[in-house]
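Listed below are the residues making up each chain.
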Amino acid sequence: MTTSTGPTVVDFPLRTPEEPLPLSQYAGHRRHSGLVQSHLPNGVPIWLVTRHEDVRAVLTHPKISANPDNEGFPNVGETMGVPKQDQIPGWFVGLDSPEHDRFRKVLIPEFTVRRVRELRPAVERIVDERIDAMLAGGNTADLVNDFALPVPSLVISSLLGVPPADRDFFESRTRTLVAIRSSTDEQRATATRQLLRYINRLIAIKEKWRGDDLISRLLSTGQLSHEELSGVLLLLLIAGHETTANNIGLGVVTLLSHPQWAGDERAVEELLRLHSVADMVALRVAVDDVEIAGQTIRKGEGIVPLLAAANHDTEVFGCPHAFDPERSERRHVAFGYGVHQCLGQNLVRVEMDVAYRKLFERIPTLELAVPLEELAFKYDGILFGLHELPVRW
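Residues numbered from 1 in each chain as written. Predicted model: local features only at pLDDT ≥ 70, side-chain atom pairs only at ≥ 80, totals over all residues. Heavy atoms only, no water.

Quick notes on the overall build of the protein chain
Item 1. For the protein chain, the helix and strand inventory stands at 13 helices and 13 strands.
Item 2. Taken over the C-alpha trace, the protein chain has a radius of gyration of 21 Å; the compact-globule value for 393 residues is 21 Å, and the two agree within 12%.
Item 3. In terms of overall dimensions, the protein chain has C-alpha extents of about 65 × 50 × 40 Å along its principal axes.
Item 4. When the 393 residues of the protein chain are sorted by exposure, 53% land in the buried category.
Item 5. For the protein chain, the proportion of contacts with a sequence separation of at least 24, taken over those separated by at least 6, is 72%.
Item 6. Carbon and sulfur atoms make up 50% of the accessible area of the protein chain, which totals about 17,400 Å². (Helix = DSSP H or I, 4+ residues; strand = E, 2+ residues; numbered from the N terminus. Rg over C-alpha atoms; globule rule 2.2 N^0.38 Å. Buried < 20%, exposed > 50% of the residue type's maximum accessible area, 1.4 Å probe, protein only. Contact = heavy atoms within 4.5 Å. Areas by Shrake-Rupley, 256 points an atom, 1.4 Å probe, with all protein chains shown as cover.)

Written out as structure tokens, the structure reads:
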């Protein structure tokens, strides 16, 4: 039950140049019993969840919803020009069971470890091509725009069966969609409409001429309508693009100080935990009164489980600020937890692993072109990462 003194109220966690991820704030929050309360920038009260155990409890509670249409759902980030989910059938990330499960069941076979292993040669080819392009351009590059952003876009293009001649269009529109700082709301909304039109045309083609690609296989299941499939594909594109790009960029920065780990899959897991780029994406709202960590959360109250806080919980991870691929504890929640856990996590792992291996093998003299403290971290978006990553060799 709620303590008699009431919950502790704290400032909403904000990133700053001094602390891109407010981990010291999170550590302070964990010292309070129960949960802490805060307010969104618009003044709406919400609950912050910072302990590993409590975050997992929130993400698996049947009376806590991921549906943003529920009253009280917190809104803390950019929409990236994407229409509301009720305007896009198939936008299942904001659905609860059993509606959510219908979509996930159809998609799971496409992202198994075995299926993703089969995609690895295509990922390696794409990564090599991007490195070739960087090397051809001289001895400097912006590793975000020249490498980390194009790689996941081109991988999903290959997965969907986008013809090679169309991949420049597909990649450019995707880049506009996720470029929060350099593109306007109108430009992102336009890019979304153009991508949806393209995806719909591609589905229509695959309906007549099937191939060995994700769209053709999903069509063959007969479980999704044309409109639902269109929304599902746009969701896969958005959800898997910027998060992967951010992980690649931040991981390279860390590995530049630990290059011996660039070819080790354990480093991928540790980098996912360490950077926790999707800190605030697992937003929730209580649809009935529930109790978490001894605190009663009333129906209609918003909840922000902080994934980075959970992944830096000292009760679970020893010396959590340190990069330690040999640590034995691997229960991180970088991909979320429960039924909404990231569907494409196996693909993200392969993309990160291939990107690090290839970069450090082919460009062994890779180094930052600016001091670490001058890097342009993302302080203004819901996802953590880098706007730019100047490197040289």
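Additional details are given in the paragraphs that follow.
As for the pattern of salt bridges
Item 1. Evaluated as defined, the whole model comprises 23 salt bridges.
Item 2. For Arg217, the salt bridge is made with Asp212, and the minimal N-O distance between the two is 2.8 Å.
Item 3. Residues participating in the shared-partner salt-bridge network are Glu110, Arg115, Glu118, Asp212 and Arg217. (Salt bridge = Lys/Arg side-chain N within 4 Å of Asp/Glu carboxyl O.)

Considerations on helix H1 (residues 23-30)
Helical periodicity: at 3.6 residues per turn, an α-helix aligns residues three or four positions apart in one direction.
Item 1. Here H1 has its buried residues at Leu23, Tyr26, Gly28, His29 and Arg30.
Item 2. Summarising the contacts, the buried residues of H1 are in contact with strand S2 (36-39), strand S3 (45-49) and helix H12 (307-311).

A few points about the pairing of S3
Item 1. Counted residue by residue, S3 has 4 buried out of 5 residues, so it is predominantly covered.
Item 2. Here S2 hands over to S3 after 5 residues, with Gly43 in that stretch at a positive phi of 95 degrees.
Item 3. Sheet topology places S3 next to strand S9 (residues 302-305); 4 bridges connect them, and they run parallel. Opposite Ile46, over in S9, you have Gly302 as the bridge partner. (Pairing = 2+ DSSP bridges.)

Concerning the layout of surface pockets
Item 1. Reported here for the second largest pocket is a volume of approximately 600 Å³.
Item 2. If you go around the second largest pocket, you meet 23 residues; those closest to its centre are Pro20, Thr254, His275, Leu372 and Phe377.
Item 3. Those elements giving two or more residues to the lining of the second largest pocket turn out to be helix H10 (226-256), helix H11 (265-275) and strand S10 (367-368).
Item 4. It is H10 that provides the largest number of residues to the lining of the second largest pocket, a total of 4 residues.
Item 5. Across the lining of the second largest pocket, the residue classes break down as 15 nonpolar, 5 polar and 3 charged. (1 Å grid on protein atoms, 1.4 Å probe; cavity = no way out; pocket = protein on both sides within 12 Å on 5 of 7 lines; lining within 4 Å. Points joined across faces, edges and corners; volume = space filled by probe spheres on them. Nonpolar A, V, L, I, M, F, W, Y, C, P; charged D, E, K, R; others polar.)

Quick look at the sheet that holds strand S5 (residues 140-142)
Item 1. An order of S5-S13-S10 is seen for the 3 strands of this open sheet, with the pairing classed as antiparallel. Of all the strands in the sheet, just S5 and S10 have a single pairing partner and so form its edges.
Item 2. One ladder, built from 2 bridges, connects S10 with strand S13 (residues 390-392); its direction is antiparallel. Looking at the pairing, Glu367 lines up with Arg392 of S13.

Brief notes about the pairing of S9
Item 1. Here S9 shows two buried faces, one formed by Gly302 and Val304 and the other by Ile303 and Pro305.
Item 2. The sheet contact formed by strand S6 (residues 284-286) and S9 spans 2 bridges and is antiparallel. Considered in S9, the bridge of Val285 is made with Gly302.

As for the environment of Pro13
Item 1. By secondary structure assignment, the location of Pro13 is in the loop between strand S1 (8-9) and H1.
Item 2. Along the backbone, Pro13 and Glu301 are 288 residues apart, and their C-alpha atoms lie at a distance of 18 Å.
Item 3. Not counting residues up to four positions away in its chain, the partners in contact with Pro13 are Pro22, Gln25, Tyr26, Leu48, Met280 and Leu306.

Regarding the nonpolar core
Item 1. Counting residues in hydrophobic clusters, the biggest one holds 101 residues, and the most contacted among them are Phe147, Leu233, Leu234, Leu359 and Leu389.
Item 2. It is H10 that contributes the most residues to this core, 14 residues altogether.
Item 3. Dropping the residues within four chain positions of it, Leu359 is found in contact with Ile131, Met134, Leu143, Phe147, Val252 and Pro364. (Core = buried A, V, L, I, M, F, W, Y, C linked by side-chain atoms within 4.5 Å.)

Limitation: the analysis is restricted to geometry and does not speak to function.
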